[in-house]
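# Geometric and topological summary
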Amino acid sequence: MSQQNVPVCIKMLSSRLPRLTSSKRKAAEYILANYQDVVKYNVTELAERSGTSLSTIIRLGQDLGFKRYQDFKLSLAQQISHPTQQIHEALEKEDDLELIVEKVFKSNANAINSTLRAVDAKAFRRAVELIAQSKTIEFYGFGGSSAVAQDAAHKFLKIGIKCAAIADNDLQAMSASLLAKGDVVVAISHTGRNKALLYNLNLARDAGASIIAITNYGKSPITKLADVVLYTSSSETAFKSDALSSRIAELTLLDALFVAVSFINYDQSQENITKTRNATVNKKLNK
């Protein structure tokens, strides 16, 4: 099975691997290596084959959002048996316009849904706390992620949080070196492997800032530098080098952070939104 047809629940499991306890990790690693055979096993057989316990398998499934092991196995079986029903379809040169539109829209929708299931409630809550208590926030991203960073900075500024989006490598490094305890860097990277970004995050961490990483790959280097990691879950549909649907997942995840932080001090957020809106209203043409 090609990488693009790897079941969503398996991708979710892979992304969570670094945060699992030793027993859950052992079970997860077995499942990742043998997931096409796992659908044949009941919970007892899977526990025996993975060298773990029934409770470990059940808790692992619950971590992925499944109440019962049977629910996980059914979802896995469906995704393996019907790969064409998975929304992460690759675009082909022969696709007509209607099919291109359908595939892109479905891929983006699936990226949002699978990311929702991948969100760790504790990590999300910690990220909200760090942002709400921060002195300043800096959003770092290169390439396509820089547009996501700019969008996030625009939103958080509306509610009165001092923030900036920095896409230039040298400016990132300079600013990161001047951060301090109480400041927060939100680093957005689909692969989590950009050397310049990792270098700048090391500067920020050494300066005392907290780091929130938004990335799609659980084993990427960025996860080792971050205080909090929020994972997106997406597979690309076209031009494999471009992170298309992942950008939508990142934007949606940041929107959720924005709303959650806004609701911590709802009245003040509303007041600041009004202020910032009024500050620009005279620059708009009258109808």
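Described below are features of the structure shown in this document.

About the thresholds
Residues numbered from 1 in each chain as written. Predicted model: local features only at pLDDT ≥ 70, side-chain atom pairs only at ≥ 80, totals over all residues. Heavy atoms only, no water. Core = buried A, V, L, I, M, F, W, Y, C linked by side-chain atoms within 4.5 Å. Buried < 20%, exposed > 50% of the residue type's maximum accessible area, 1.4 Å probe, protein only. Helix = DSSP H or I, 4+ residues; strand = E, 2+ residues; numbered from the N terminus. Contact = heavy atoms within 4.5 Å. Polar contact = N/O pair within 3.5 Å; in protein donor to acceptor, adjacent residues only side chain to side chain. Pairing = 2+ DSSP bridges. Right-handed = clockwise from strand over helix to strand, strands pointing away.

## Observations concerning the nonpolar core
- With 29 residues, the main nonpolar core has Phe139, Phe156, Val186, Ile212, Leu230, Leu254 and Leu257 as its most contacted residues.
- Elements with a minimum of two residues in this core: helix H7 (121-132), strand E1 (137-140), helix H8 (144-158), strand E3 (184-188), strand E4 (210-215), strand E5 (228-231) and helix H12 (245-264).
- When residues of this core are assigned to their parent elements, the largest contribution, six residues, is made by H7.
- Contacts of valine 186, omitting those with residues within four sequence positions, involve Ile137, Glu138, Phe139, Tyr140, Ile212, Ile214 and Leu254.

## Some remarks on the side chain of histidine 190
- Of note, histidine 190 is situated in the loop between E3 and helix H10 (195-207).
- A distance of 3.3 Å separates polar atoms of two side chains, one belonging to histidine 190 and the other to serine 246.

## Thoughts on the pairing of E3
- Of all five residues in E3, five are buried, a share of seventy percent or more.
- A two-sided burial pattern is seen for E3, the buried positions comprising Val184, Val186 and Ile188 on one face and Val185 and Ala187 on the other.
- With four bridges connecting them, E1 and E3 associate as parallel partners. Counterpart to tyrosine 140 in the pairing with E3 is alanine 187.
- Bridge count for E3 against E4 is five bridges, and the pairing is parallel. Each residue of the ladder has a partner; that of valine 186, found in E4, is isoleucine 212.
- As for the winding sense of the linkage, the β-α-β connection from E3 through H10 to E4 is right-handed.

Function-wise, these values are silent; they only describe arrangement.
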